Amino acid sequence: MSGTLAAERVAASGHCPVCAARGQAVLAAPGQTRCIVHMGRSRVWVETTGTGQTRLTVPAGARRRVAHPTGLQTPCVSCASAGRDTQGLPRDGEGSDALCIPCWRTRTEAAQRRRVAAERRAALEASLVVDEAPVCAACGAEEPSPSCWLCGYSWLAELRATFERDQALEDAAVEARFAQLTQRAEAEQRVAELAGWVDRLQVTVSAYAAGGGRGRAVELLADVLSREAGARVCRRGRPSRLARVAAVLAVDSDWRTGRRALPGRERSAQLAGCTTRTVTDCWARAEALGWATRTHHGRRLSLAERTELGRCNDRAEFDLAPLHRGDPAVRAPYIPVALLVLDDLVQHALVLLAAAQDDLDALIARTAGVVDHAALARRAQLRHAVAAARDTLLTDVEAIATAQIETGNFFSPRSASQGEYLSSCLSRGFAQPPTKTHSTSGDPSRGEGGASRSTTRGSSGAHRVARPRTRQGTCASPRRPRPRPEWHGWAYPLAQAAQQALAWLQAVPLPRVAATIGARLGPAWTIEAMLDTIDRARGGRELLTDPERPLGYLVALLDTALTGEHEPPHPARRHDAHRQAAQDARRRDLVDQATAATTARNTTRADWAAREQARQAERAGPGTARHTALAAARAAGRGDHTTARAIAAAEAENWPEVAQPGAGTYQSGPRDRDVPKRQAR
């Protein structure tokens, strides 16, 4: 009795008594005394399908697993129709079909596929339908005509917009062309300057070997090396660039007197391969040794002076110590070292010249130009002359060193590298740091004991000039720093990757490959995209393994890939230029067709005007032809056919003779020239 009461109490509390007997607290189903699990199970039937397969059939909504006591208990419509017991959820609000996640996803994807197919079908039908060309409501013409009051304005507006767009494109092309030509002119000027410097070094070395006066720079450099060696008190010191900077001063000075050396700080740093601070320190050291005297201090020019002279700075001017004031025996041991320093300068100048020539060739390739044969010949001649001068220089160094060893006139070599024993640091290895010496003359515009002819241009802050200075010429085109091209940041990494991927490009200089790629591609390109575009354009054909002209072959591959029928994966300059050229060609064809139609229309109108003029002349004249025709018609009307034929025969005699087949070329006679043309009626 107690057990029955316990079950009733459990059922009264809303829980399943069977689950309570098992020690589980499970709520009973709504309106029931037991949970869904322990309620009466639905019957299971067995059915056979049309293919002979036997399967179990479970009524829809039958649960074969534990149901949750809370939440939305709705079976999936699709799964219930297929005999699967799956919970669903109304996805589109109350009253919609309850679907589980797989069925909802399947139905959504099917709806999306149907929508895409409908859109494609509509687009295909729209493409097959030929739209009728709109016509003007006033004149009925398909194209705008200037003679119509309604469509004439749109015709003028379209022509004006087309003209403005073409003018803007032409102006942009002209500006880009001028920028390229400016960069090319600056590069050519840079190459000419470096070629002149290399030629000057070659002439100096060759003249010294031949005993000419232009080899004075070798003696001047040996003089400063001997002074520097005599001023050193120990072997300590960092490698310096005094020998190179002094060599630039010696070669730049006047070979007759050793005066007026104006190499410039930045130019000296480039030619000597050091920084501007090092050049300043080396100039101060040369002045401290008494080898160089600064006759004019460099300064920044004023606005009026920059406008007049065409440059921003005034270079410092140096006079080198005369050779006759020194001892030839003291500087003789340093002649081989001076020659080796000049050889080092020649090698550095050749490297700078080769880099400048590569940049110039890249700019010439960008401007669709070709290096002429004369320039290539001059380059080859210069390289040959420099090689011969270097051979002579090294031979002279060996001969001088051998003679000094044999005669005993040599100095003991130091156990250090060349850069160390040519060192002349300001504060390392000397007894005390050298000091800069400047003039303290009272009058800055007068020299020692006389007037100066230097061109101070009325400047009140000019320094003392120890030597007369001639008037400096005005530079017509001042040199400005060349800006980097816009493709500099992305074209060089892409060019390096191209050289690694294509073995036949490794022998081509990197700047030329970068300029070629930068002029045709864009910053979004990668090496994979470039190679895929080239392969797709070639249609599976393999590339050459060793082309005769690697850079030209690369240009041909890129042009073919970017101007073909395939659209490039990224924006490319060559493709944009090709598309613009095609649009311009189509525009020119349309203009030519319009011009031909206008010419034909004008010709037809002129013909009609001539006929109308002849008709008016016939009416205004005596009317002989009209009277003759009327007389023939009256005779025929009376039945007098003989008279009508006679009148017609008389009229026919005025016509020229008709050429008969086989009679040859027709020759006009006096009769044809005398008979006037029959006027049109």
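So, here is what we can say about the structure in this document. Since the structure is predicted, the reported quantities are computational estimates derived from the model, not experimental observations. (Residues numbered from 1 in each chain as written. Predicted model: local features only at pLDDT ≥ 70, side-chain atom pairs only at ≥ 80, totals over all residues. Heavy atoms only, no water.)

### Details of the overall build of the protein
Regarding its fold elements, the protein presents 22 helices and 10 strands. Looking at the protein as a whole, 28% of its 681 residues qualify as buried. Look at the contacts in the protein between residues 6 or more apart in sequence, and 58% of them connect residues 24 or more apart. In the form shown here, the protein has an accessible surface area of approximately 43,200 Å², with 54% of it arising from carbon and sulfur atoms. (Helix = DSSP H or I, 4+ residues; strand = E, 2+ residues; numbered from the N terminus. Buried < 20%, exposed > 50% of the residue type's maximum accessible area, 1.4 Å probe, protein only. Contact = heavy atoms within 4.5 Å. Areas by Shrake-Rupley, 256 points an atom, 1.4 Å probe, with all protein chains shown as cover.)

### Thoughts on the pairing of strand E5 (residues 292-296)
Across the 5 residues of E5, 4 count as buried, placing the element largely inside the fold. Pairing of E5 with strand E8 (residues 317-320), which is carried by 4 bridges, proceeds in the antiparallel orientation. Each bridged residue has a counterpart across the sheet, and for Arg294 the counterpart in E8 is Phe318. (Pairing = 2+ DSSP bridges.)

### Comments concerning the pattern of salt bridges
Under the defined criterion, the tally for this structure stands at 15 salt bridges. The residue Arg227 makes a salt bridge to Asp223 at a minimum N-O spacing of 3.2 Å. A residue pair is termed a helical-turn pair when its members lie 3 or 4 positions apart in one helix, as Arg227 and Asp223 do in helix H6 (residues 216-231) at 4 residues. For Asp223, a relative accessible area of 6% translates into the label buried. Among the ionic pairs, Glu317 bridges to Arg260, the shortest N-O distance being 3.2 Å. (Salt bridge = Lys/Arg side-chain N within 4 Å of Asp/Glu carboxyl O.)

### With respect to the side chain of Arg244
Position of Arg244 among the secondary structure elements: in helix H7 (residues 242-252). Dropping the residues within four chain positions of it, Arg244 is found in contact with Ala272, Gly273, Val341, Asp344, Leu345 and His348.

### A few points about the nonpolar core
By size, the foremost hydrophobic cluster in this structure holds 58 residues, and its most contacted members are Leu201, Leu221, Leu225, Trp291 and Leu342. Of all the secondary structure elements, the ones that give two or more residues to this core are helix H5 (152-210), H6, H7, helix H8 (265-272), helix H9 (276-288), E8, helix H12 (335-366) and helix H13 (373-407). Looking at this core element by element, the count peaks at 15 residues for H12. Counting residues in each nonpolar core, the second largest holds 29 residues, with Leu494, Ala498, Ala529 and Ala561 among its members. (Core = buried A, V, L, I, M, F, W, Y, C linked by side-chain atoms within 4.5 Å.)

### Here's the deal with the environment of Thr599
Looking at the element boundaries, Thr599 is found in helix H19 (residues 573-620). A polar atom in the side chain of Thr599 sits 2.8 Å from the backbone oxygen of Thr595. (Polar contact = N/O pair within 3.5 Å; in protein donor to acceptor, adjacent residues only side chain to side chain.)

### As for a nonpolar patch on the surface
Nonpolar side chains collect at one region of the surface, where Val174, Phe178 and Leu181 lie side by side and expose about 270 Å² of accessible area between them. Mapped onto the fold, Val174 is located in helix H5. Val174 sits in the partly exposed class, given a relative accessible area of 37%. (Patch = residues over 30% accessible without salt bridge, like charges linked within 9 Å, V, L, I, M, F, W, Y side chains within 5 Å.)

### Focus: the packing of aromatic side chains
Counted according to the given criterion, the structure contains 3 aromatic pairs. Arranged with centres 5.0 Å apart and planes meeting at 55°, the rings of Trp283 and Phe318 form a pair that is tilted. Separated by 35 residues along the polypeptide, Trp283 in helix H9 and Phe318 in strand E8 bring together distant segments of the chain. Phe318 carries the same exposure label as Trp283, and that label is buried. Lying over the aromatic face of Trp104, Arg91 brings its terminal NZ or CZ to 5.3 Å of the ring centre. (Phe/Tyr/Trp six-rings, centres within 6.5 Å; stacked < 30°, edge-to-face > 60°. Lys NZ or Arg CZ within 6 Å of the ring centre and 35° of its normal.)

### What about unusual backbone geometry?
Within the chain, Arg260 stands out as a residue other than glycine whose phi angle is a positive 55°. Structurally, Arg260 is set in the loop between H7 and H8. A relative accessible area of 29% means that Arg260 is categorised as partly exposed.

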